[in-house]
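# Coordinate inspection notes
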Amino acid sequence: MVQTRYYDLSAVFEADGQPGVFGKVATQLMSLHRLVQQFHAPLVLECGVNEGWSSGVLAHACEQQAGRLVSLDIADCSSAIESEVWTFIQTDDADQDFVLSRVPELAQGIDVVYVDSLHSPRHVAKLIALWYPLVKQGGYLAFDDVDPGPFMQGRRKDNADMEVVWRGIADAVLDFFHANEDDLLLELHFGSTGLAIMKKLARRDKMPRPARRLRRRHFTLRSLARQWLTQR
């Protein structure tokens, strides 16, 4: 049975679906748990460990389904959790060659990839490009920190720099989705700091199109006129 060092795993289960910030955190973590539970003997890759909040939840699901969790972090997080199904590798999660040399099974197909490491849109985009091709058909890529709302002016985490970064992470996910939307389903969870869940519909050997930014219209003359008329 998984053991966590920095938090009470049972508290996460109890707070699933409950109000408040911790309720949102727990609900998003339990969404990951339910993804893993869909598979028999799942192989799960986690990018980013820190205190092991997601690691404990993912390991618990892997234990239930006779699966395996492989977690990567550039820092030594080897004591964050304990579980017989857990493999921790201290490495840059973009060093795919090294990771595959340690766990060759990943090259045969991954059921769930969870990204919560370096908070950089460029890094998230790089991880998508690296790991998406190894996700099985019907598997998932999930991304933490896609909701800039808590960091916006006057909100509970008010921070201009982090607002910009979190919005950039969301854009990195959306840019990839828009380039490959025939092969993907995408759902977004807001609250806490957000969660994106992308389901892969394409065959594992089908290479994705490069991510692309759609042109955005901030206003048109018609929209300005409509806004002016409705405010009269």
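Before reading further, recall that the structure is shown in the block above.
What comes next is a walk through the structure. (Residues numbered from 1 in each chain as written. Predicted model: local features only at pLDDT ≥ 70, side-chain atom pairs only at ≥ 80, totals over all residues. Heavy atoms only, no water.)

### Some words on the environment of Tyr 114
Mapped onto the elements of the fold, Tyr 114 is located in strand β6 (residues 110–115). The exposure class of Tyr 114 is buried, given its relative accessible area of 4%. Here the alpha-carbon distance between Tyr 114 and His 33, two residues 81 residues apart in the chain, equals 11 Å. When residues no more than four places from it in sequence are discounted, the contact partners of Tyr 114 are Leu 32, Leu 45, Glu 46, Cys 47, Ser 54, Leu 58, Ala 142, Phe 143, Asp 144 and Leu 195. (Helix = DSSP H or I, 4+ residues; strand = E, 2+ residues; numbered from the N terminus. Buried < 20%, exposed > 50% of the residue type's maximum accessible area, 1.4 Å probe, protein only. Contact = heavy atoms within 4.5 Å.)

### Re the side chain of Gln 28
Here Gln 28 lies in helix α2 (residues 21–37). Polar contacts involving the side chain of Gln 28 include one to the main-chain carbonyl oxygen of Gly 191, which spans 2.7 Å. Apart from the residues within four sequence positions on either side, Gln 28 is in contact with Asp 144, His 189, Phe 190, Gly 191, Ser 192, Gly 194 and Leu 195. (Polar contact = N/O pair within 3.5 Å; in protein donor to acceptor, adjacent residues only side chain to side chain.)

### Section: helix α5 (residues 121–131)
Residues of α5 that are buried include every one of His 123, Val 124, Leu 127, Ile 128 and Trp 131, and no others. Down the axis of α5, the smallest arc covering the buried residues is 140°, so these residues share one side. Among the exposed residues of α5, those pointing more than 90 degrees away from its buried face are Arg 122 and Ala 129. (Arc of directions from axis to C-beta.)

### Structural notes on the packing of aromatic side chains
Overall, the coordinates contain six aromatic pairs when judged by the stated rule. An angle of 75° between the planes, with centres 6.1 Å apart, marks the rings of Phe 22 and Trp 53 as edge-to-face. Note that Phe 22 is positioned in helix α2 and Trp 53 in helix α3 (residues 53–64), a separation of 31 residues in sequence. Geometrically, the ring pair formed by Phe 151 and Trp 166 is tilted, given 4.7 Å between the ring centres and 55° between the ring planes. Taken together, the positions of Phe 151 in the loop between β7 (135–144) and α6 (160–179) and Trp 166 in helix α6 put the pair 15 residues apart, joining distant regions of the chain. (Phe/Tyr/Trp six-rings, centres within 6.5 Å; stacked < 30°, edge-to-face > 60°.)

### Quick notes on the sheet that holds strand β3 (residues 68–73)
One open sheet holds the seven strands; their spatial order is β5-β3-β2-β6-β7-β9-β8, and the pairing between them is mixed. Each edge of the sheet is formed by a strand with only one pairing partner; in this case those strands are β5 (86–90) and β8 (184–189). Taken pair by pair, the neighbouring strands of this sheet meet at an average axis angle of 15°, ignoring direction. Contacts between α2 and the sheet are confined to β2 (43–47), β6, β7, β8 and β9 (195–200), with β9 contributing the most and set at about 15° to the helix. (Pairing = 2+ DSSP bridges. Axes fitted to C-alpha atoms, helices over the stretch in contact; angles between N-to-C directions.)

### Notes on the side chain of Glu 163
Mapped onto the elements of the fold, Glu 163 is located in helix α6. If we ignore the near neighbours within four places in the chain, the residues touching Glu 163 are Pro 148, Phe 151, Met 152 and Gln 153.

### Some thoughts on unusual backbone geometry
The phi angle at Ala 66 is positive, at roughly 60°, despite the residue not being glycine. Assessed through its relative accessible area of 56%, Ala 66 is described here as exposed. The phi angle at Ser 192 is positive, at roughly 55°, despite the residue not being glycine. Ser 192 sits in the buried class, given a relative accessible area of 13%.

### Section: α3
Taking 1.5 Å per residue, twelve residues should reach 16 Å; α3 reaches 17 Å between its end C-alpha atoms and fits that length. When you tally the buried positions in α3, you get nine out of twelve residues, the bulk of the element. Turning to α3, its buried residues number three or more, namely Ser 54, Ser 55, Gly 56, Val 57, Leu 58, Ala 59, His 60, Ala 61 and Cys 62. Following α3 by one or two positions, Ala 66 has its phi on the positive side, about 60°. (Expected span 1.5 Å × (residues − 1).)

### Some thoughts on the pattern of salt bridges
As a working rule, side chains carrying opposite charge can pair if their charged atoms are close by. Throughout the structure, instances matching the rule amount to seven salt bridges. Across the pair Glu 163 and Arg 167 runs a salt bridge, and its minimum N-O distance is 3.2 Å. With Glu 163 and Arg 167 both in helix α6, this residue pair falls four residues apart, about one helical turn. Looking at Glu 163, the relative accessible area reads 17%, which means it is buried. Residue Arg 167 is classed as partly exposed on the basis of its relative accessible area, which comes to 30%. (Salt bridge = Lys/Arg side-chain N within 4 Å of Asp/Glu carboxyl O.)

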